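Structural features, examined
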Amino acid sequence: MTAAQLPPVAPEVTATLVEDLSPRLRKRLDAAVTKLGARPTHRDGDTVTIDVDDETELRLHAPGGAVTTVDAITCGCLLAPACVHRAAAACAAPTADPPPEPADQPTPAVPEPASPSDAAPHESASSPEVASPAQRAAADALWSAGAAVLESGVDGAGAVTQSALLRAAHTARLRQLPRAAGAALSVVTLLRAARAGDPSYRLADLVTALAELLGTAHRVGTASGAELASVRGRARRPYSPDGSLRLYGLFTEPVVTDSGHGGARTWVAGPDGRLCTVGDVAPGGVGRARGVADRAVRLGDSALTHRELGRAGLAVSGATVSPDGRLGAGKGVKAVTAKGVAWTEPPLAALWDTPPSEQAARALRSTSRYGDPDGGGSDLLFLDVELLGAVREPGGTCLLALCDGGISVRLTVADDDPALAHRDNLMLLATAPGTRLRIIGRMVPAPHPRLTLLACSHPTGEGTIDLGFDRLRRADLPDPTASVHAVPPQPGGSGAPLYLLERRVEQTVLAGRAALGMLGDVTAETRRIRRAGLPTAAALLTAVCASAVQRDRDLFGRLLPADTDGFATHWLASARYTAAVAESLCAAAWEPTE
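It should be emphasised that the depicted structure is a prediction, and the values quoted were computed from it without experimental measurement.

Further remarks concern the overall build of the chain. Looking only at helices and strands, the chain features 17 helices and 15 strands. For the chain, buried positions account for 46% of its 594 residues. If you take every contact in the chain between residues at least 6 apart in sequence, the share linking residues at least 24 apart comes to 64%. Accessible surface for the chain amounts to roughly 27900 Å². Of this, 53% is attributable to carbon and sulfur atoms.

Have a look at this one:
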C-alpha cells in the first residue's frame, strides 16, 4: 500500500484519532503505520478497504474524494473503535486540502470595541489592526509544534508529532491564519516523505517549510495593519474581474508534479507586458502532460490547443485573473482566437528589452523562500544569448551561454523525464556554439546566473520552440564548423563559506537539537566565516550551537527541560539569514561584468 492508494484525510480527523489513543497505543503508532503500509488495499466506489489481516478489514469512506469525519474510518478488529488501526490509516494517508472559502468572503477582522469607552485608554479608533487573542494562541500552538520538530529531528518526528502539527494547522485555519496553517501542512507532508524514503524529498524543502512555519507563527503576535494581512495570508487565491484582455501567446510548458499530476501551462502576455497563464493539470503524470498539450484550452469558446495558443493570441471578455496570473475559466468568460505576434514584434519584444540584472531582481522577489505568497510577479527571464557549449557539473551537464553585460548563464534541463524533450534539446543545442538565440527560462536561485531552459527561438530564425514538447533535429542547427568558441573556465561558486552555517541548520532538522549539541567546538568554523567577511553568520553559528547544549539546573542540581523556544529562535534566525545571503549573492551574480 502507498499513500497515493488511500484517499486524503482531513487534518482534524487525523489529529482527533491520534489524540484519542491511549499513551500505550501512541507508542505503537509509528510501527502500526509501517505495518499497515505493507497490507493490500482495494477500492470500491468512494470506499477504500485495507486488509489488516486475514480476518479484519479497515475501511476509509471518502465521499467527495476525501475523508472528512472521524466516523468515516472504521475497523473490524475487536478493539475498535479504540484500536490503533484507524489512527494508523489516517496517518498513512495524504493530508486533504482545506475546503476553499467563498471567493468574495473577506478575512474577518478583529472585533472592535462597541464604543470608545470600551477601548483601552492608550488606543484610538485609528490604531492599526492587530491579531486577536485567539489568533495569537493559535500561532503559539503552531510555534510549539514546529519547535518540537527541531527538538526531535526527522527520525523522531513520527505520527504523534505530526498529529500536533495537524491539530495546530486546523485551529489556525479556523482562526483565519491560512498562511501559517498551510506551512504546517507542508511540514507534515515533507516529514512523511522523508520518513518514507520518497525519492522526490529534499531536505532543503523541509528546512524552508519549517522556517516559514516558525517565522509566520512568530510574526502573528508582532504584526499589524498591512503586515498582519500578509502574515495571515489567503484561504484561497480568488479570481478577480479584469474586464477585456488582448493576449499574445509566448510558449507552452509541460507540468509534472511529484504527486502524480500532469498537464500543460501556456504563458501569454498582455499589451503592457503583464504575464498570465492558462493551465490544465490533473492526476496522470507525464503521459497526461504530453496529451494535454494538444487539447483545446479551457477558456471560453476558443478552439486553440495549448501548443497553438503559445504561438497565437486570444481576445477575452469578462476575464478573471488570480493574483499569480492564472486566467479563470468561469461561465462568464468569453474568449475567441486572435492573431499572435513574433517574439521580435511588439508588444512581446519589450519583454527582452529589460536588462538581465533587473529581470533577475524581479524573479528573485518571486522565488524568495520567505516572500509574500500574494506578492505576484514572475520567475521567468527573457534573454538574448550566444551559446558557448556544454559545461560539466557535479550534478550533470549544463549549457553555457553569454547574455548582455558579459554575464555567463548556465542553462539546465527543466525536467529530466525521457518522455519529454528537454534533455535531448539541450544536449543538441550544446553542440552548436556560436548560435544566437532568444530564450525564455526560469530563475534558479544560485551563487551564479542559472536558468532552467523552457523555450527558445528556432535556430533558423523562423518560429519558436517549446523545449518540453517540440524536438529539435540536427538539421535545424547551423554548421558546427562555422564558428568555434572556447568555453571559459567557470567558478565553482561565490567562495563565501556560508555552507558552514547552512549545514548546521540542515543537520538540526535531520537529527534534532541534541545531535547538533554533540558536534563539539565550532571555533575553527566561526573563525573561517569571519575571515570571509560574514561576522553575523559566525555569531549565529556560535549562538545556535551554544543553545543546543545549554541545560540549566534547579536548586537541587537536577537538569531542567531544554529551552526549546530559545533554540528554535536561534535556528530560525540562522535559516532566514542563510536564505537572505544566498539570494543576495544570486542577485550580485547577475550584475553586468562589462
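Next, the rest of the story.
Glancing now at the sheet that holds strand E1 (residues 41-44). Pairing in this open sheet of four strands is antiparallel, and the strands run E1-E2-E3-E4 from one edge to the other. Strands at the two margins of the open sheet, each flanked by one partner only, are E1 and strand E4 (73-75). The average angle at which neighbouring strand axes cross in this sheet is 20 degrees, direction not considered. Note: strand E3 (residues 57-61) against E4, three bridges, orientation antiparallel. Paired with Leu 58 across the strands is Cys 75, a residue of E4.

Angle between the axes and distance between the axes are the two parameters that describe a pair of packed helices. The N-to-C vectors of helix H13 (residues 499-511) and helix H16 (residues 535-549) enclose an angle of 30 degrees; their axes lie 10 Å apart at closest approach. By the criterion of interaxial angle, the relationship of H13 to H16 is roughly parallel. For H13 against H16, the interelement crossing comes out left-handed. Note on element contacts: H16 touches H13 through Ala 537, Leu 540 and Leu 541, opposite Leu 500, Leu 501 and Arg 504. A breakdown of the residues in the contact of H13 with H16 according to their chemical character gives five nonpolar, no polar and one charged.

Moving on to the pattern of salt bridges. For the structure shown, the criterion picks out 26 salt bridges. Note that Glu 393 and Arg 450 form a salt bridge whose closest N and O atoms lie 2.6 Å from each other. Here Glu 393 is found in strand E10 (residues 380-393), whereas its partner Arg 450 is found in strand E14 (residues 450-457), with 57 residues between them in sequence. Assessed through its relative accessible area of 16%, Arg 450 is described here as buried. The closest approach of N and O atoms between Asp 416 and Arg 423, which form a salt bridge, is 2.9 Å. Under the relative-accessibility criterion, Asp 416 is labelled exposed at 52%. With relative accessibility at 25%, the residue Arg 423 sits in the partly exposed group. Each member of the salt-bridge network shares a partner with another, and the members are Asp 294, Arg 307, Arg 311, Asp 466 and Asp 470.

A few words now on the nonpolar core. Residues Leu 210 and Trp 571 are the most contacted members of the largest nonpolar core, which totals 67 residues. Sorting the residues of this core by element identifies helix H4 (133-156), helix H5 (159-174), helix H6 (178-196), helix H7 (203-220), helix H8 (225-232), H13, H16 and helix H17 (564-589) as the ones contributing at least two each. For this core, the leading source of residues is H6, giving eleven residues. The contacts of Trp 571, once residues within four sequence positions are left out, are Leu 150, Val 207, Leu 210, Ala 211, Leu 214, Val 505, Thr 508, Val 509 and Val 544. In terms of nonpolar packing, the next biggest core, distinct from the first, is built from 33 residues, Val 33, Leu 60, Ile 73 and Cys 91 among them.

Turning to the packing of aromatic side chains, a few remarks are in order. Applying the stated criterion across every chain, the model contains three aromatic pairs. A centroid spacing of 6.3 Å and a plane angle of 10 degrees characterise the contact between Phe 251 and Trp 267, whose relative ring orientation is stacked. Of this pair, Phe 251 sits in strand E5 (residues 240-256) while Trp 267 sits in strand E6 (residues 261-269), placing them 16 residues apart in sequence. Note on accessibility: Phe 251 and Trp 267 belong to one class, buried.

An α-helical segment advances 3.6 residues per turn. Residues three or four places apart therefore align on the same side. The end-to-end C-alpha distance of H13, which contains 13 residues, comes to 18 Å, matching closely the 18 Å that a straight helix rising 1.5 Å per residue would cover. When H13 is considered as a whole, its buried residues turn out to be Leu 500, Leu 501, Arg 504, Val 505, Thr 508 and Val 509. Among the structural elements, H4, H7, helix H14 (513-517), helix H15 (523-531), H16 and H17 are those in contact with the buried residues of H13. Positive backbone phi, at 95 degrees, marks Gly 512, one or two positions downstream of H13.

Checked against the element boundaries, Arg 442 lands in strand E13 (residues 436-443). A distance of 3.2 Å separates the side chain of Arg 442 from the side chain of Asp 379, its partner in a polar contact. Not counting residues within four places of it along the chain, the set of residues in contact with Arg 442 comprises Glu 253, Arg 265, Trp 267, Asp 379, Leu 380, Arg 450, Leu 451, Thr 452 and Leu 454.

What counts as what
Residues numbered from 1 in each chain as written. Predicted model: local features only at pLDDT ≥ 70, side-chain atom pairs only at ≥ 80, totals over all residues. Heavy atoms only, no water. Helix = DSSP H or I, 4+ residues; strand = E, 2+ residues; numbered from the N terminus. Buried < 20%, exposed > 50% of the residue type's maximum accessible area, 1.4 Å probe, protein only. Contact = heavy atoms within 4.5 Å. Areas by Shrake-Rupley, 256 points an atom, 1.4 Å probe, with all protein chains shown as cover. Pairing = 2+ DSSP bridges. Axes fitted to C-alpha atoms, helices over the stretch in contact; angles between N-to-C directions. Parallel < 35°, antiparallel > 145°, perpendicular 65-115°, else oblique. Left-handed = near helix turned anticlockwise from the far one by under 90°. Nonpolar A, V, L, I, M, F, W, Y, C, P; charged D, E, K, R; others polar. Salt bridge = Lys/Arg side-chain N within 4 Å of Asp/Glu carboxyl O. Core = buried A, V, L, I, M, F, W, Y, C linked by side-chain atoms within 4.5 Å. Phe/Tyr/Trp six-rings, centres within 6.5 Å; stacked < 30°, edge-to-face > 60°. Expected span 1.5 Å × (residues − 1). Polar contact = N/O pair within 3.5 Å; in protein donor to acceptor, adjacent residues only side chain to side chain.

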